[in-house]
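# Survey of secondary and tertiary structure
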Amino acid sequence: MLAFAPLLLALAQRPDDPTWARDVAPLLFDHCVACHRPGEVAPFPLLTADDAADHAEQIARACRIRYMPPWSAEPSDPPFVGTRGLTEAQIALLERWAAAGAPAGDLAAAPQPPHFTPGWQLGEPDLVVTMDEPFVVPADGLDSYRNFVIAVPLDAMRYVCGWELRFDHPKPVHHGVLKVDPGDSSRRLDARDPLPGFAEMETGEAISPDGQFLGWTPGRTPHLLPDGMSWRLRPGSDLVLQLHLVPTGKPESVRATIGLHFTSTPIQRLPYVFRLGSTAIDIPAGATDYEIVDRYTLPVAVELHAFVPHAHYLARTVRVGATFPDGAARTLLEIKDWDFAWQDEYRYQRPVALPAGTTLDVRWLFDNSADNPRNPSRPPARVRYGPRSIEEMCDVWIQVIPAGRADFEKLQPDQAKQELALLRAGFELELANDPDDAEAHLDLGQTLLQQGDAPGARREFARTIELDPANARAHLRLGSLLARERDVASARPHLERVVELEPDHAGAMVELGRLAAAAGDFTAAREWHARAATARPKLFAARAGYAILLDDSGDDVGAVAHYEAALASDPDAKELRRAYGWLLAASPVAAARNGEKALALARAMLDETPDGVRELDLMAAAQAECRRYKAAETTAERALMLAQRGDEPALTAAIAARRSLYAGRKPYRQPAGLPR
Amino acid sequence: MSAAATAFAALALLALPAACGAPPRPPPTATAPAVVVFELDRGPVDPLADPAARATVLLFTRRDCPISNRYAPEIAHLHAEYAPRGVAFFLVYVDPGQTDDEVRAHVRDYGYPCRVLLDPGHQLVALAGATITPEAALYLPGGRRAYRGRIDDRVVALDVIRPQPTRRDLAEAIDAALAGRAPEVAETPAIGCVLGDLRPGAPR
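This is a predicted model, so every value here is computed, not measured.

## Observations concerning the packing of aromatic side chains
Two aromatic rings, taken as a pair, are described by how far apart their centres are and by the angle between their planes. All names here are of chain A. Counted by the stated rule, this structure contains 18 aromatic pairs over all chains. For the pair Tyr 290 and Phe 366, a centre-to-centre distance of 6.2 Å together with 65° between the ring planes defines the contact as edge-to-face. Of this pair, Tyr 290 sits in strand β14 (residues 290-297) while Phe 366 sits in strand β19 (residues 359-366), and the two are 76 residues apart along the sequence. Counting every residue linked through ring pairs, the aromatic cluster contains Trp 71, Phe 80, Phe 307, Tyr 346 and Tyr 348.

## Remarks on the pairing of strand β3 (residues 55-61) of chain B
Across the seven residues of β3 of chain B, seven count as buried, placing the element largely inside the fold. By the alternation rule, side chains of β3 of chain B split into Ala 55, Val 57, Leu 59 and Thr 61 of chain B and Thr 56, Leu 58 and Phe 60 of chain B, which are all buried.

## Structural notes on the pattern of salt bridges
Pairing is possible between side chains of opposite charge, provided their charged atoms come close. All names here are of chain A. Tallied over the entire structure, the rule returns 68 salt bridges over all chains. Its salt-bridge partner being Glu 88, residue Arg 64 comes within 3.1 Å of it at the nearest N-O pair. Residue Arg 64 is found in helix α4 (residues 56-64), and its partner Glu 88 is found in helix α5 (residues 88-99); the two are separated by 24 residues along the sequence. Take Arg 64: its relative accessible area is 33%, and that puts it in the partly exposed class. Here Asp 570 ties to Arg 234 by a salt bridge, and the two come within 2.9 Å at their closest N and O atoms. On the criterion of sequence distance, the pair formed by Asp 570 in the loop between α15 (556-569) and α16 (574-586) and Arg 234 in the loop between β8 (231-233) and β9 (238-245) is long-range, its members being 336 residues apart. According to the relative accessible area criterion, Arg 234 is partly exposed, its value standing at 22%.

## Some words on the interface of chain A and chain B
Often the size quoted for an interface is simply the accessible area lost on bringing the parts together. Contacts between the two partners involve 34 residues from chain A and, on the opposite side, 29 residues from chain B. Joining chain A to chain B, the criterion identifies zero salt bridges. For the pair chain A and chain B, the number of links is 13 residue pairs in polar contact (both at pLDDT 80 or more). Of all the elements, α4 of chain A adds the most residues to the side of chain A that touches chain B, at five residues. Looking at the side of chain A that touches chain B residue by residue, the class counts come to 17 nonpolar, seven polar and 10 charged.

## Things to note about the sheet that holds strand β7 (residues 215-216) of chain A
All names here are of chain A. Taken together, five strands build an open sheet; the order of strands is β6-β3-β9-β5-β7 and the sheet is antiparallel. Two strands bound the open sheet, and with one partner strand each, they are β6 (198-199) and β7. As paired strands, strand β3 (residues 144-151) and β9 are joined by eight bridges and run antiparallel to one another. Looking at β9, one finds that Ile 150 is bridged to Leu 239. Across the face of the sheet, helix α6 (residues 185-192) comes into contact with β3, β5 (173-181), β6 and β9 while running at roughly 120° to β3.

## Some details on unusual backbone geometry
Put simply, Asp 77 of chain A and Pro 78 of chain A share a cis peptide bond, and its omega is -5°. Summarising the element assignment, Pro 78 of chain A is placed in the loop between α4 and α5. Cis geometry is found at the peptide bond from Arg 378 of chain A to Pro 379 of chain A, where omega equals 0°. Mapped onto the elements of the fold, Pro 379 of chain A is located in the loop between β19 and β20 (383-384). Positive phi outside glycine occurs at Ala 102 of chain A, with the angle close to 55°. In this structure, His 122 of chain B takes a positive phi of about 60° despite not being glycine. Tracing the backbone through its elements, the reader meets His 122 of chain B in the loop between β5 (115-118) and α5 (123-128). The buried category is assigned to His 122 of chain B, whose relative accessible area is 9%.

## Some thoughts on the nonpolar core
Residues and elements named next belong to chain A. Core analysis: the largest hydrophobic core is formed by 49 residues, its most contacted members being Tyr 563, Leu 576, Tyr 580, Ile 655 and Tyr 662. It is helix α18 (residues 613-625) that contributes the most residues to this core, eight residues altogether. Discounting residues that sit within four places of it in the chain, Tyr 563 has contacts with Ala 547, Ile 548, Asp 551, Leu 576, Ala 579, Tyr 580 and Leu 583. Within the second largest apolar cluster, 46 residues are counted, among which are Ala 287, Tyr 296, Leu 332 and Tyr 348.

## What about the confidence of the model for chain A?
Residues with a pLDDT of 70 or more make up 97% of chain A, whose mean pLDDT is 92. Within the model, the stretch residues 1-8 of chain A combines pLDDT values under 50 with three contacts to residues more than four positions away or in other chains.

## Notes on the state of the cysteines
Considering all chains together, one arrives at one disulfide over all chains under this definition. One disulfide in the model links Cys 65 of chain B with Cys 193 of chain B; its S-S distance is 2.2 Å. Taking the sign of the S-S torsion, 85° for the link of Cys 65 of chain B and Cys 193 of chain B, the bridge is right-handed. Of the two residues, Cys 65 of chain B is situated in the loop between β3 and α2 (66-70) and Cys 193 of chain B in strand β11 (residues 193-194); the sequence distance between them amounts to 128 residues. We classify Cys 193 of chain B as buried; its relative accessible area is 4%. Looking at the unpaired Cys 63 of chain A, the closest cysteine sulfur is the one in Cys 32 of chain A, lying at 6.0 Å.

## Some details on the packing of α16 of chain A against α18 of chain A
Residues and elements named next belong to chain A. Where α16 contacts α18, the two axes come as close as 9 Å, and the packing angle between them is 20°. Our classification of the angle between α16 and α18 gives roughly parallel. Where α16 crosses over α18, the two elements pack in a sense that is left-handed. Here α16 contributes Arg 578, Gly 581, Trp 582, Leu 584 and Ala 585 to the contact with α18, which in turn contributes Arg 614, Glu 615, Asp 617, Leu 618, Ala 621, Ala 622 and Glu 625. For the contact of α16 with α18, the class distribution of residues is six nonpolar, one polar and five charged.

## Some thoughts on the packing of helix α7 (residues 405-433) of chain A against helix α8 (residues 438-450) of chain A
How two helices pack is summed up by the angle between their axes together with the distance between the axes. Residue and element names in this part refer to chain A. Closest axis-to-axis distance for the α7/α8 pair is 9 Å, and the angle between their directions is 150°. With respect to α8, the axis of α7 lies roughly antiparallel. Regarding α7 and α8, the two cross each other, and that crossing is left-handed. Of α8, the residues touching α7 (which contributes Leu 420, Leu 423, Arg 424, Phe 427, Glu 428, Glu 430 and Leu 431) are Ala 440, His 441, Asp 443, Leu 444, Thr 447, Leu 448 and Gln 450. Counted by class, the contact of α7 with α8 contains seven nonpolar, three polar and four charged residues.

## A word on the sheet that holds strand β7 (residues 135-139) of chain B
Whether parallel or antiparallel, the strands of a sheet pair through hydrogen bonds between backbone atoms. All names here are of chain B. With respect to topology, seven strands assemble into an open sheet ordered β2-β1-β5-β4-β3-β7-β8, the strand pairing being mixed. Each end of this open sheet is capped by a strand with a single partner; those strands are β2 (43-45) and β8 (145-149). The average angle at which neighbouring strand axes cross in this sheet is 30°, direction not considered. Judged from the five bridges that link them, β3 and β7 form a sheet pairing that is antiparallel. Each bridged residue has a counterpart across the sheet, and for Phe 60 the counterpart in β7 is Glu 135.

Definitions and cut-offs
- Residues numbered from 1 in each chain as written.
- Chains lettered and ligands numbered in written order.
- Predicted model: local features only at pLDDT ≥ 70, side-chain atom pairs only at ≥ 80, totals over all residues.
- Heavy atoms only, no water.
- Phe/Tyr/Trp six-rings, centres within 6.5 Å; stacked < 30°, edge-to-face > 60°.
- Helix = DSSP H or I, 4+ residues; strand = E, 2+ residues; numbered from the N terminus.
- Buried < 20%, exposed > 50% of the residue type's maximum accessible area, 1.4 Å probe, protein only.
- Salt bridge = Lys/Arg side-chain N within 4 Å of Asp/Glu carboxyl O.
- Contact = heavy atoms within 4.5 Å.
- Polar contact = N/O pair within 3.5 Å; in protein donor to acceptor, adjacent residues only side chain to side chain.
- Nonpolar A, V, L, I, M, F, W, Y, C, P; charged D, E, K, R; others polar.
- Pairing = 2+ DSSP bridges.
- Axes fitted to C-alpha atoms, helices over the stretch in contact; angles between N-to-C directions.
- Core = buried A, V, L, I, M, F, W, Y, C linked by side-chain atoms within 4.5 Å.
- pLDDT = per-residue confidence, 0-100.
- Disulfide = S-S within 2.5 Å.
- Parallel < 35°, antiparallel > 145°, perpendicular 65-115°, else oblique.
- Left-handed = near helix turned anticlockwise from the far one by under 90°.

Structure (structure tokens):
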């Protein structure tokens, strides 16, 4: 009886019915099989006629409601990279095929499924790192966010031009974001959480590096950044991989492996990332059209590259628009049915030029009523800003590239001002709702400090400590602020308390070392710096602090190794490079000097800043150390000429004095460090 | 009083002795047509003919339906809640193209505690009128169907999942059956994977 079934179906089929071989397979191959194949995130494969027939009506229904292929944004011009979605005609075809009984058609004439490169898509990575241990996603429960801290075994800074993410079991992973933590805040959060990684959407002090969004969504093809674009990864930094995990019904063990690709080309085009949105969210229970609007007028012309919108369950729609200086307006991004489950990055295939004076605006709408089925609270409850999924967020992160360095440096402070105002409004709302929220006082203090209000910051940090005496971050911030204000006596106990609370806190040790040195206690200073360098040997601040202390106290030979280690962690640290250059060119200790190395360092710095007075000054000293006195004199002459245009009489006088030395065929020597 | 309500009133009376410990004996007129299917690792069985069951739940599922799979923990909860109270649970695998090993592995991976039926010929599917996985059918002693539809209302549409259900329809129907009442709602739409995409194979 079974043998007759296909025959019966074949008889019922009309010649113009779509078939898998002719009509459906090309659609599935183009739009579905990147995920719907064995080993990938989708729940079933759609590679063969049988695979497709076993889900025919399901496919038609999922496409009709535009649940599949997953893509939330309205069509845009220019289109977004990786845009998915079917036309009305394609969906109608799938429906007719399913209604006709999913005929296979002439299998011999069917197209071949696309070839997928097994393993790494970008080729063999330069560095592969893996989560220490797998994380088990529980069988049941809500979506969760989890952050995994992954150490990178690097001895020198690298420019990363591509990355790829692979999972042993990808099914529960809905999307991922990679960030970089330059310090150890993420490790600390991880240490506090008994399971692998740490929960929730906050990632400590981890950031999207060098203006790059590092997002991953299932089925998206990884790509290398264009030449001259990359992000820096320094020794001692951690990668922080945030995964949005969705239970599948059985416990799923997830372990991610990251492949990194390096380039030797330094960054030539630096994107800038900022957000529009708000942290001052307070949605009454039952509200159906709660609105958040934010706007920003660009002070410089930019290329607009990408958007990453982020909100939780209550958001219904988001729209990003632009109003040009001539008054013309257009929609840039619109999502009419926001779905927390499918977050994505929307990157233009070609960037959009926005002239200076363009106003970008963002509008979110939220539905906190019982009629919003995604509402996690029943009955609806008042919802405020926060990173937990029962709280709300409403950001649109925007990636732009200004035309050049000058524009970048104009955009950055202008945008930072707006961002600080945004943060401050949020923290002030939090404190209006809960005046005893210790963390909110700490955050407000940090924001005030960045806004230049040091007394306000001191007040807020002190309030945090009053409410939560064991808050190490509050002690660190207050201690560092007092140290900056040279109030050593008040600063020290706060910093000592940090080390008492967190015995391997290298940052606090460096501050204590500096305080001790400033107070003239070099024995204590050395001890603190040595402890910091031992606790975090690859942390820039730990090695740099020790190098400067040894240099200042006359142990120039001892300083060399720490300068080298610190500059391996961050070769772009200008001040430290210059200090090391002077030590190499002009140390009073012969064993510490290295003329050739000083020359190379000065040359590299001059490449970046061709007419830098300080760079030329250093170059002249290096040339003199190599006994090239004539060249040294010429270089110093040029430095002097440029210095005279500026307003730095002390520097000008010093350069003039050095030039006279070179004219007399003598190298310059720094004054000997005090023997301490 | 409608005919159905009269029937339930009669059943309610019949259910009373069960509460006192004696299994009710269904009157011959209420007997459903016997459907014998294959139980995994056991053999042929008529799932609706267990005289000890105060109610019987059929849960239609397939291995590659993500919505069915996400219900596995909820099915385990229902089993833990109601099996001790005399409710029989059968998981019904409807895909004709699967091996016993595949089903066994799936049952183990998802931690299903219930008995497992193989329905490649869709005999139980036809009897229950199931069209979706996951879909539940609740039978009273004697084979009368008291409820058919979703397990709960957390799946609003394929792309809209509630964080928590607001109605546990199957649990409410079982409660009603155990109390000898008609369920408030006897039929609900199930949302999930289209069962009809699988053509029935040979019965086993």
